[in-house]
Amino acid sequence: VAPVRPNAVPLTVLGGYLGAGKTTVVNSLLRRAGGRRLGILVNDFGEVSVDAQILRASSDGVVELAGGCVCCDLSLGMGPALAQLVSLDPRPDQVLVEVSGVGEPAAVAAWARTPGFRPDGVVVVVPLDRIRALARDRWVADLVASQIDQADLLVCTRGDLVGPAEREAVTGWLQERSPAPQVDAPNGEVPLEVIFGIGPPRGADAPEERADSGAGAESGGDAATGDGLPGRLPPVHGVEASSFVRGSTWTSDEATDVPALASRFGALPGLLRAKGFVRPAAGRSEGPAQRGGAVLVQAVGRRVECTTWEPEADVAAPAASVVTVLTTPDVDDAALAAALPGWRRVDAR
Amino acid sequence: VFEAFGALAHRAGCTTVADLGGTFLSDPSVLEALASTTARPDFPVRLSMFHLAAQGPHTAEKEVALVDGLVDRSTEKLRFGHVKLILDGSVQGFTARLQPPGYLGDRPNGMWVTAPERLRETFLAFHEAGRLVHAHCNGDEATELFLDVVAHALSRSPRWDHRHTVTHSQLSTPAQYRRMAALGVGANIFANHTYFWGDQHRDITVGPDRAARMNAAATALAAGVTISLHSDEPVTPIGPLPSMANAVERRTASGAVLGPDEAITAAQALEAVTLGSARLLKMDHEIGSIEGGKLADFAVLDDDPLTVPPDRIRHLSVVATVLGGRVLPNEHGAMP
């Protein structure tokens, strides 16, 4: 459990072989960003549909888009590009790095340890119609396998090009290869929370901005904040309604064994995202529990990160633990209840 | 930059230099600088500027059009029209793509710099446009893929005397050299690697057996492949004489001889850095040998590289070069 890094910008890596549909995913996110300031790093602007919406292009390769997103090319490498993003005012809410089709996403993900950023998952785009052929391909089989191995979360594209039987065979095959959850993205439309995480844009406390983040905002978010979280904490939010994801918010009055919770989340098939504040059980050593703090639990697919949150003088510690989870539709309440023993679901069904 | 590079190449005894790294040929200011610098009578070398393809956002079709547009800007000392593709990384960086058994110590295979699909598409477009393509292949799996791509393109669009070339060709196998000969593909061999990284290749990257057949100039010539030797400046220092010496001696930095069976004679090495290079640049009707009707490009040395002991070759002095009949003395070279 590492200390929380205030204002660190979450950095998500988007990988996948050439033609998997990464750029389609990026373009779809740009269209739907809805006020979130997404910072996108790409090898080149070539196929990103920024042309029509450029507000301002700076000389150093940063392009500002309508709606607050920025796009930056990687011609100078990751270091300079991240330095540019972190110097923007305001800074992006989220950074998404599109890795080249022949790149290894894990190598790029290491850059999320750059000061000012925090790792927020490796998302690998998998074209359902081609992935098994690619995994047998004479030249790129090893590359495609390692891209899949490095994924915290798999985004399945081009599902419309395969029949139901083939789809079942491919997703089953993927499941055997990788414990990462699979989320469908027809036409590249990944559910927004999968990339942006659960919650409002950073620093956006205005209710109208919160309402932007999805149809379920009232149910999850307000119930959660009403459940004892101090106002200075980011409110736990509801999730965008979608037939490809299912969101729910859970609470517990008991102190929680955080490492055990993290390992159950890590092993929960179909967990796409989780975010919440957990009141930890008192440990043997001096921990946040003794100081009245909480643990911020955040998951992207099978990657779970726990950071400590220390209360400030004027902010009360949370009385109860609250976690919002986003899963694939096949994960039911029973499975979640098993991962969250003693917790109860609080959002409207 | 071009001026300094020209001076450096001249001191090393070059009269024509190929730059295979140009992603910047779409920049008008670069083209302007190239044109004005090379137009000066005292600019001491000819430049063959390759277009580095499939690295940016452009489609193959657009890149073909870009190169077509460049060709009209060619002059006697500034040539455009050839194309470079990069398949893999480097052996010493463990990023070259190797066939089994791969790197020592169960290291993972290297990386593709260009995705095979994009490579195929780009190569075919330039092949059909009649362009000459040099392809960076350090590992033998990269060579294998490139030869497959060439074979596929030739079966679709037969072309005679295309002179497509495997550049670096460091781990190309005897079977691959036979295939190159059959396909009409040349090899621009990175002989300097034997000296600079030979010890490391033997001990760390690929082991003694494959290190001994790296940069297999003798196998290439025996198979009937046209070869040249290169420095990859700034990766290793530019200099046809040291490159010749490395192919003849095959000595590593520690002094060991690596794969003596792949050593070639001084005469073969001299032909590789002159007429061999000219053939792989499609300039052998103009340069590469001293013949009536050619451009009179050559270097004047302080001794005969074909008769001095092999360990003297790299120490020979360039007294002057002659470019198109114009004598360009080398103030750094010693008189005999």
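The structure this text deals with has already been given above.
Definitions and limits used
Residues numbered from 1 in each chain as written. Chains lettered and ligands numbered in written order. Predicted model: local features only at pLDDT ≥ 70, side-chain atom pairs only at ≥ 80, totals over all residues. Heavy atoms only, no water. Helix = DSSP H or I, 4+ residues; strand = E, 2+ residues; numbered from the N terminus. Buried < 20%, exposed > 50% of the residue type's maximum accessible area, 1.4 Å probe, protein only. Contact = heavy atoms within 4.5 Å. Lys, Arg positive; Asp, Glu negative; His and termini not counted. Charge placed at Lys NZ, Arg CZ, Asp CG, Glu CD. Pairing = 2+ DSSP bridges. Axes fitted to C-alpha atoms, helices over the stretch in contact; angles between N-to-C directions. Core = buried A, V, L, I, M, F, W, Y, C linked by side-chain atoms within 4.5 Å. Phe/Tyr/Trp six-rings, centres within 6.5 Å; stacked < 30°, edge-to-face > 60°. Lys NZ or Arg CZ within 6 Å of the ring centre and 35° of its normal. Disulfide = S-S within 2.5 Å. Polar contact = N/O pair within 3.5 Å; in protein donor to acceptor, adjacent residues only side chain to side chain.

Within chain B, the secondary structure is distributed over 12 helices and 10 strands. Projecting the C-alpha coordinates of chain B onto the three principal axes gives extents of approximately 50 × 50 × 35 Å. Taking all 336 residues of chain B together, 56% fall into the buried category. Contacts in chain B between residues at least 24 apart in sequence constitute 72% of all its contacts with a sequence separation of at least 6. In chain B, which carries 29 positive and 38 negative side-chain charges, the distance between the mean positions of the two groups comes to 2 Å.

Here we come to the sheet that holds strand β3 (residues 78-86) of chain B. All names here are of chain B. Reading across from one edge, β1-β2-β3-β4-β5-β6-β7 is the order of the 7 strands in this open sheet, with parallel pairing throughout. Bordering the open sheet on either side are β1 (16-22) and β7 (227-229), each of which pairs with just one other strand. Taking each pair of neighbouring strands and ignoring which way they run, the sheet shows an average axis angle of 25°. Pairing between strand β5 (residues 165-168) and strand β6 (residues 186-189): 4 bridges, direction parallel. By the bridge assignment, Thr165 is partnered in β6 with Gly186. Running at roughly 155° to β3, helix α3 (residues 60-71) makes contact with β2 (46-52) and β3 of the sheet.

Further remarks concern the nonpolar core. Counting residues in each nonpolar core, the largest one holds 94 residues, and the members touching the most others are Leu41 of chain A together with Leu87, Ile227 and Leu229 of chain B. When residues of this core are assigned to their parent elements, the largest contribution, 8 residues, is made by helix α5 (residues 140-156) of chain B. Look past the residues within four positions of Ile227 of chain B in its chain and what remains in contact with it is Ala187, Ile189, Ala217, Ala220, Leu221, Ile264, Ala272, Gly276, Ser277 and Leu280 of chain B. In terms of nonpolar packing, the next biggest core, distinct from the first, is built from 31 residues, Ala33, Leu38, Val42 and Val63 of chain A among them.

Attention now goes to the pairing of strand β15 (residues 321-327) of chain A. Residue and element names in this part refer to chain A. Of all 7 residues that make up β15, 7 are buried, and the element is covered over most of its length. Neither face of β15 is open: one carries Ser321, Val323, Val325 and Thr327, the other Val322, Thr324 and Leu326, and all of them are buried. The pairing of strand β11 (residues 246-252) with β15 spans 7 bridges and is antiparallel. Opposite Thr251, over in β15, you have Val322 as the bridge partner. Summarising the sheet, strand β12 (residues 271-278) and β15 pair through 6 bridges and their orientation is antiparallel. The partner of Ala274 across the bridge, within β15, is Val325.

So, on to the packing of aromatic side chains. The tally for this structure, following the rule as stated, stands at 5 aromatic pairs over all chains. A ring pair is formed by Tyr195 of chain B and Phe196 of chain B, whose centres lie 5.0 Å apart and whose planes are at 90°; its orientation type is edge-to-face. In this structure Phe196 of chain B comes out as partly exposed when scored by relative accessible area, which is 35%. Between the aromatic rings of Phe196 of chain B and Trp197 of chain B, the centroid separation amounts to 6.4 Å while the plane-to-plane angle is 55°, which identifies the pairing as tilted. Accessibility expressed as a relative area gives 21% for Trp197 of chain B, which makes it partly exposed. Aromatic ring contacts, followed pair by pair, group Tyr195, Phe196 and Trp197 of chain B into a single cluster. Against the face of Phe196 of chain A rests Arg36 of chain A, its NZ or CZ located 4.9 Å from the ring centre.

Between Asp89 of chain A and the following residue, Pro90 of chain A, the backbone shows a cis peptide bond with an omega angle of 0°. Position of Pro90 of chain A among the secondary structure elements: in the loop between α2 (78-86) and β7 (94-98). Here the phi dihedral of Phe94 of chain B falls at roughly 60°; this positive angle occurs in a residue that is not glycine. Position of Phe94 of chain B relative to the elements: it lies in the loop between β3 and α4 (116-128).

The next point concerns the state of the cysteines. All names here are of chain A. Per the stated rule, a full pass over the model turns up 0 disulfides over all chains. With no disulfide of its own, Cys69 lies closest to Cys71 among cysteine sulfurs, the gap being 9.0 Å. With relative accessibility at 2%, the residue Cys69 sits in the buried group.

Next up on the list: the side chain of Glu144 of chain B. Within the secondary structure layout, Glu144 of chain B lies in helix α5. Classification of Glu144 of chain B by relative accessible area gives buried; the value is 15%. At a separation of 3.5 Å, a polar atom in the side chain of Glu144 of chain B contacts the side chain of Arg138 of chain A. Discounting chain neighbours no more than four positions away, the residues touching Glu144 of chain B are Arg138 and Trp139 of chain A together with Gln99, Gln176 and Arg179 of chain B.

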